[in-house]
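# Inside the fold
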2 protein chains.
Amino acid sequence: MTVTLADVTAAAERIGPYIHRTPVLTSEFLDELTGARLFFKCENLQKAGAFKARGAVNAVFSLPESALDRGVATHSSGNHGAALARAAALRGVRAYIVVPANAKQVKKDAILGYGAEVIECEPTLAAREAMLASVVAKTNAIEVHPYDDPAIIGGQGTAGLELSQQVPDLDALVVPVGGGGLLAGCSLVAAERQLSVYGAEPAGAADGRESLRTGNRVRSHVPDTICDGLLTTLGEQNFEIIRQHVRDILVVDDAAVVEAMKLIWTRMKIVVEPSAAITLAVVLHNPDLFTGKRTGLVLTGGNVDLANLPF
Amino acid sequence: MTVTLADVTAAAERIGPYIHRTPVLTSEFLDELTGARLFFKCENLQKAGAFKARGAVNAVFSLPESALDRGVATHSSGNHGAALARAAALRGVRAYIVVPANAKQVKKDAILGYGAEVIECEPTLAAREAMLASVVAKTNAIEVHPYDDPAIIGGQGTAGLELSQQVPDLDALVVPVGGGGLLAGCSLVAAERQLSVYGAEPAGAADGRESLRTGNRVRSHVPDTICDGLLTTLGEQNFEIIRQHVRDILVVDDAAVVEAMKLIWTRMKIVVEPSAAITLAVVLHNPDLFTGKRTGLVLTGGNVDLANLPF
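Residues numbered from 1 in each chain as written. Chains lettered and ligands numbered in written order. Predicted model: local features only at pLDDT ≥ 70, side-chain atom pairs only at ≥ 80, totals over all residues. Heavy atoms only, no water.

This paragraph deals with the relation of the copies chain A and chain B. The two copies are related by a screw operation: chain A maps onto chain B through 180 degrees of rotation and 0.0 Å of translation along the axis, at an RMSD of 0.0 Å. Both chain copies can therefore be described as sitting about a two-fold axis. Interface overlap between copies is the fraction of interface residues in one copy that are interface residues in the other; for chain A against chain B it reaches 100%, indicating a shared surface. (Least-squares fit on C-alpha atoms with pLDDT ≥ 70 in both. Contact = heavy atoms within 4.5 Å.)

Shown next as structure tokens:
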């Protein structure tokens, strides 16, 4: 099934009542520093602190009535599990979330807080997939993949759609890329609006850039980066959309990310995740691409431990 | 000179190009916790991280052309000095800021960064006032008081005006009170909109409440509170407006403020000053006043040292 812009606009309609229309912030200082005109889409201020709420609500509210008594299931060590649990609770659907045993208690508590069932497993991808398969076999629940799923791609794309409505005359858009759900969804909007869209990826997990440059999707890699939201490899459906619409994937190292995270705090008074700050780092390191350009940056999340800031 | 709502609306027009129209955030969790419907006006995301930008721009841009070559002057240990320096730079006017010698270097650097002249003095109110008088005598600069000034009151009131436009059907408004510029300005808007306006004051600096209850303005007190933006006593003009329009000034202790600050971070993903978080603390501690009410809270600033959070 091919995802199109129509899926993004339908998703926006569907999820509107359940998510925040997040604000767009600007900073004179950062404009001067970069030579661009920057518009920060604050998904760190989204419900549950990340854009993941968009795709999860879209997936759950796209289910036909007939499927609702089966429930939904996924495996997650991060924000997708909590977002899916929340979305399921909103529609009165059961949710089963497979979580690696070493996940932080605060993450498990968030999932439990939404009334979902938490199933622990060994902290390997194989164990997670096996446990999820077993849960699905037992419950007949519908699996909702965190990024390689048309409803997730359509839902995440609404962040870009909203931004393009809030700032109608953008030239460029910069979006973090991990599994690629957000980048793929936003690139559908960017293509229609004829603005250049770039992925932002950490040097320690640059499978996306390699996939894009070689034309062959990298299927596994060993990530090493502070951007803990961008560890996964690009999904299959995501890659097909990204290779069509994304101008390039730009890579920076972790030091640049930490510096950007600090700038965003000191100059804009918001605390964002490294995986979000990477967008500003990419703009700072590519003046040839962004000078003079009205550039949107998607700040994907703000789930940071203030007691353990890297700056 | 009496300040009226017309001064606030004129200020909004005047300062519009130089300030952020700050976003309004909501939180389902905090709504459930308080039993109210809360709308947080995020002046922590204002330029220079605080609402002070509003009054300062209004004061400087209200000056007649004929006064511009005289410059502006104030004494300040906090955000007003930097805000006035910024406003003066925007209009190409000289600024003289008297700063106590023990003020943080980061505050002095901010003022210098806007091209203003920093004059240091002993850290007592008497020394600050004497030094300011001497600067004014020497330069003929126009003194801009941080709160007891019609242009400042009109400018700060624009925060309430904007909120009442962004959320038209509020029942109540909660505003922190130190010198009273923001509360006085917002109360002019609240009176016209017929919504109940309350001041929020720390127990360790509750001169405002005492002034309101006795009808006599407390002129000096020894504050002891974590809310470092609310240490000053109520200004004279401010008091006259507040006693006319403000329903009550509600007091909470510092522990309640720190708890509210932590809630705002964990649930809304923004870091605000104790002086801002006090608004939520006041709502939490007065369910009789706010249950079922659509309540606006002005989050005044976000200039916090992340390495020294009180929670």
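Let us now look at the sheet that holds strand β3 (residues 72–75) of chain A. Note: strands within a sheet are paired through backbone hydrogen bonds, in either parallel or antiparallel orientation. The sheet built from 4 strands is open, its strands ordered β5-β4-β3-β6 (chain A) with parallel pairing. Every other strand in the sheet has two partners, leaving β5 (117–121) and β6 (142–143) of chain A as the edge strands with one partner each. (Pairing = 2+ DSSP bridges. Helix = DSSP H or I, 4+ residues; strand = E, 2+ residues; numbered from the N terminus.)

Our focus in this paragraph is the packing of aromatic side chains. Geometry of an aromatic ring pair is reported as the spacing of the ring centres plus the angle between the planes. All names here are of chain A. Under the defined criterion, the tally for this structure stands at 4 aromatic pairs over all chains. Seen from their ring centres, Y198 and F290 are 5.3 Å apart, and the 70 degrees between their planes marks the pair as edge-to-face. Of this pair, Y198 sits in strand β8 (residues 196–202) while F290 sits in helix α13 (residues 287–290), and the two are 92 residues apart along the sequence. One exposure class covers both Y198 and F290, and it is buried. Positioned over the ring face of F29 is R267, at 3.6 Å from the centre of the ring. Over the aromatic face of W265 sits the side chain of K269, whose NZ or CZ is 4.7 Å from the ring centroid. (Phe/Tyr/Trp six-rings, centres within 6.5 Å; stacked < 30°, edge-to-face > 60°. Buried < 20%, exposed > 50% of the residue type's maximum accessible area, 1.4 Å probe, protein only. Lys NZ or Arg CZ within 6 Å of the ring centre and 35° of its normal.)

Let's shift gears to the side chain of B:T74. Residues and elements named next belong to chain B. Looking at the element boundaries, T74 is found in strand β3 (residues 72–75). The class for T74 is buried, based on a relative accessible area of 1%. Those residues in contact with T74, other than ones at most four positions away along the chain, are H80, G81, L84, Y96, I97, V98, L132, V144, H145 and P146.

So, about unusual backbone geometry. All names here are of chain A. Its identity as a non-glycine residue notwithstanding, N140 has a phi of 70 degrees, on the positive side. Tracing the sequence through the fold places N140 in the loop between α6 (125–139) and β6. A positive phi angle, close to 60 degrees, is found at K269, a residue other than glycine. Summarising the element assignment, K269 is placed in the loop between α11 (254–268) and α12 (274–284). In this structure K269 comes out as buried when scored by relative accessible area, which is 12%.

Residues and elements named next belong to chain B. Within strand β7 (residues 172–176), 5 of the 5 residues are buried, which leaves it mostly tucked inside the rest of the structure. Across the two faces of β7 the burial is the same, with A172, V174 and P176 and L173 and V175 all buried. As defined by bridge partners, β7 adjoins strand β8 (residues 196–202) across 5 bridges and the pair is classed as parallel. Following the sheet pairing, L173 is matched in β8 by V197. On the question of chirality, the crossover connecting β7 to the parallel β8 by way of helix α8 (residues 181–193) is right-handed. Relative to strand β10 (residues 294–299), β7 runs parallel, the two being bridged by 3 bridges. Bridge pairing links L173 to G296 in β10. (Right-handed = clockwise from strand over helix to strand, strands pointing away.)

Residues and elements named next belong to chain A. Where helix α1 (residues 5–15) contacts helix α3 (residues 52–62), the two axes come as close as 9 Å, and the packing angle between them is 85 degrees. When the axis of α1 is compared with that of α3, the two are roughly perpendicular. Contact residues: α1 offers A11, R14 and I15, while α3 offers R54, V57, N58, F61 and S62. In terms of residue class, the contact of α1 with α3 is built from 4 nonpolar, 2 polar and 2 charged. (Axes fitted to C-alpha atoms, helices over the stretch in contact; angles between N-to-C directions. Parallel < 35°, antiparallel > 145°, perpendicular 65-115°, else oblique. Nonpolar A, V, L, I, M, F, W, Y, C, P; charged D, E, K, R; others polar.)

Another point: empty space enclosed by the protein. Residue and element names in this part refer to chain B. One pass over the structure, following the stated rule, counts 1 cavity of 30 Å³ or more. The volume enclosed by the largest cavity comes to roughly 40 Å³. As for the largest cavity, its lining consists of G160, S164, L170, L173, V189, A190, R193 and L195. Among the elements of the structure, α7 (150–166) and α8 are those that each provide at least two residues to the lining of the largest cavity. In terms of residue count, α8 provides more of the lining of the largest cavity than any other element does, 3 residues in total. (1 Å grid on protein atoms, 1.4 Å probe; cavity = no way out; pocket = protein on both sides within 12 Å on 5 of 7 lines; lining within 4 Å. Points joined across faces, edges and corners; volume = space filled by probe spheres on them.)

Turning our eyes to something else, we now look at the state of the cysteines. Enumeration over the complete set of coordinates arrives at 0 disulfides over all chains. With no disulfide of its own, A:C227 lies 17 Å from the sulfur of A:C186, the closest cysteine sulfur. Lacking any disulfide linkage, B:C186 is separated from the closest cysteine sulfur, that of B:C42, by 14 Å. The exposure class assigned to B:C186 is buried, which follows from its relative accessible area of 0%. (Disulfide = S-S within 2.5 Å.)

Averaged over all residues, the pLDDT of chain A equals 95, while 100% of them reach at least 70. Predicted complex, confidence summary: ipTM 0.88, pTM 0.92. (pLDDT = per-residue confidence, 0-100.)

Across the contact, 21 residues belong to chain A and 21 residues belong to chain B. The contact between chain A and chain B buries some 1,600 Å² in all, and 62% of this surface belongs to carbon and sulfur atoms. Of all residues in chain A, A:W265, A:K269 and A:L306 bury the most surface against chain B, accounting for 34% of the area lost on that side. At the boundary of chain A with chain B, the tally comes to 4 salt bridges. Residue composition of the side of chain A that touches chain B, grouped by class: 11 nonpolar, 6 polar and 4 charged. (Buried area = accessible area lost by both parts, 1.4 Å probe. Salt bridge = Lys/Arg side-chain N within 4 Å of Asp/Glu carboxyl O.)

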